[in-house]
Amino acid sequence: MIILLIIVILASAVGVAWHFIYKYFYYPRKYKDVHYKAVRKVVHEYDYRLINRFTFPIEENKCAVLDHIIFGEKFFYVILNHYYDGELMGNLNDKSFIYLNTKGKKYYVNNPYKLLAYSLSRLSTSCGIDKKYLIGIVLINDSCTYKVEANYESYFVCKRKHLGKLIKSIESRKDIGKIKEEMLQQVIYDMNRINRRKDAK
């Protein structure tokens with residue numbers, strides 16, 4: 001009985017230690033890998049197509065890197081990964097967002113929507129994609145709380161665990177039909193043509 005109790009206590013201690021290590025050391029450094037697994041799960045579940053680390057020119061001698069592009073049935077989802085250990089506040093047109101870490105310290109961080117909006121505009125021009133088919137998503141860690149206002153038809157902040165639910169909701173819109181296979185193939189071809197990261201997964 002005593003041995004069993006010791007085993008239970010040790011197992012609990014290991015579990016608590018692993019949770020601490022994962023939350024405060026592993027996840028902050030490897031969040032892009034964790035988010036990638038969430039993206040892959042959505043792609044597999046709905047049989048979508050995916051490009052990772054899409055790198056394309058937006059200005060002379062300057063490229064943008066889009067972490068993921070998911071090709072849905074109705075929309076193309078452009079995703080940027082971010083990690084914020086605390087609270088995030090702002091809106092679509094702000095130059096910077098307010099970020100409060102878990103200790104209550106206040107920072108100003110770049111508005112991720114700015115890069116997202118500019119990248120979507122350039123992507124639309126470079127590949128001839130109507131902007132109505134492009135959805136921008138700032139994908140954040142589950143522990144982050146946020147108060148972010150945006151145009152909720154085109155731009156979203158989304159926790160990792162809610163990504164599948166968000167995309168399912170957007171794909172259910174009745175105001176737009178499914179993308180034709182010919183158009184999808186052309187967009188993929190055009191993206192591969194301008195993609196500077198030729199070893200993309």
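Above this text you will find the structure in question.
Described in the following lines is the structure provided in the data block. Computed from a prediction, not measured in an experiment: that's the story for all the values here.

**Some words on the packing of aromatic side chains**
For step 1, the next point in the chain: Scanning the model with the defined rule gives eight aromatic pairs in all.
For step 2, the next point in the chain: Ring pairing ties together the aromatic residues Tyr 84, Tyr 99 and Tyr 107, which thus form one cluster.

**Some points on the sheet that holds strand β3 (residues 76–81)**
Paired through their backbone hydrogen bonds, the strands of a sheet run either parallel or antiparallel.
For step 1, the next point in the chain: Pairing is mixed in the open sheet, where five strands are placed in the order β1-β2-β3-β7-β9. A single partner strand is all that each edge strand has here, and the edge strands are β1 (49–59) and β9 (155–159). Ignoring strand direction, the axes of neighbouring strands in this sheet form an average angle of 35°.
For step 2, the next point in the chain: Bridge analysis of β1 against strand β2 (residues 62–71) gives nine bridges, and the strand direction is antiparallel.

**Quick word on the pairing of strand β5 (residues 96–101)**
For step 1, the next point in the chain: Only one face of β5 is covered, namely the face carrying Phe 97, Tyr 99 and Asn 101; the face carrying Ser 96, Ile 98 and Leu 100 is uncovered.
For step 2, the next point in the chain: In terms of strand pairing, strand β4 (residues 86–91) meets β5 through four bridges, oriented antiparallel. Across the sheet, the residue bridging to Gly 86 is Asn 101, located in β5.
For step 3, the next point in the chain: Between β4 and β5, which pair antiparallel one after the other, the connecting turn spans four residues.
For step 4, the next point in the chain: Here β5 runs beside strand β6 (residues 106–110); their pairing, made up of five bridges, is antiparallel. Paired with Leu 100 across the strands is Lys 106, a residue of β6.
For step 5, the next point in the chain: Counting the residues in the hairpin turn of β5 and β6 gives four residues, including Gly 104, whose phi is positive at 85°.

**Focus on the pattern of salt bridges**
For step 1, the next point in the chain: Per the counting criterion, the structure on display carries seven salt bridges.
For step 2, the next point in the chain: A salt bridge links Asp 67 to Arg 53, with the nearest nitrogen and oxygen atoms 3.0 Å apart. Of this pair, Asp 67 sits in strand β2 while Arg 53 sits in strand β1, placing them 14 residues apart in sequence.
For step 3, the next point in the chain: A residue is classified by how much of its surface remains accessible, and Asp 67, at 6% relative accessible area, is buried.
For step 4, the next point in the chain: With its nearest N and O atoms 3.7 Å apart, the salt bridge here joins Glu 87 to Lys 147.

**A short note on unusual backbone geometry**
For step 1, the next point in the chain: The phi dihedral of Asp 47 is positive, around 60°, even though this residue is not glycine.
For step 2, the next point in the chain: Tracing the chain through its elements places Asp 47 in the loop between α1 (2–46) and β1.
For step 3, the next point in the chain: You will see that Arg 53, though not glycine, has its phi angle at about 50°, which is positive.

**Concerning the side chain of Asp 67**
For step 1, the next point in the chain: Polar contacts involving the side chain of Asp 67 include one to the main-chain amide nitrogen of Asn 81, which spans 2.7 Å.
For step 2, the next point in the chain: Discounting residues that sit within four places of it in the chain, Asp 67 has contacts with Lys 32, Ile 51, Asn 52, Arg 53, Ile 79, Leu 80 and Asn 81.

**Digging into the environment of Lys 30**
For step 1, the next point in the chain: As for its placement among the helices and strands, Lys 30 is situated in helix α1.
For step 2, the next point in the chain: Exposure remark for Lys 30: the relative accessible area of 40% places this residue in the partly exposed category.

**As for the nonpolar core**
For step 1, the next point in the chain: Core analysis: the largest hydrophobic core is formed by 55 residues, its most contacted members being Leu 123 and Met 191.
For step 2, the next point in the chain: With six residues, the single largest contributor to this core is strand β7 (residues 134–140).
For step 3, the next point in the chain: Among all residues touching Leu 123, those that are not within four sequence positions of it are Phe 54, Phe 56, Leu 66, Ile 69, Val 78, Gly 128, Ile 129, Leu 134 and Met 191.

Calculation rules
Residues numbered from 1 in each chain as written. Predicted model: local features only at pLDDT ≥ 70, side-chain atom pairs only at ≥ 80, totals over all residues. Heavy atoms only, no water. Phe/Tyr/Trp six-rings, centres within 6.5 Å; stacked < 30°, edge-to-face > 60°. Pairing = 2+ DSSP bridges. Helix = DSSP H or I, 4+ residues; strand = E, 2+ residues; numbered from the N terminus. Axes fitted to C-alpha atoms, helices over the stretch in contact; angles between N-to-C directions. Buried < 20%, exposed > 50% of the residue type's maximum accessible area, 1.4 Å probe, protein only. Salt bridge = Lys/Arg side-chain N within 4 Å of Asp/Glu carboxyl O. Polar contact = N/O pair within 3.5 Å; in protein donor to acceptor, adjacent residues only side chain to side chain. Contact = heavy atoms within 4.5 Å. Core = buried A, V, L, I, M, F, W, Y, C linked by side-chain atoms within 4.5 Å.

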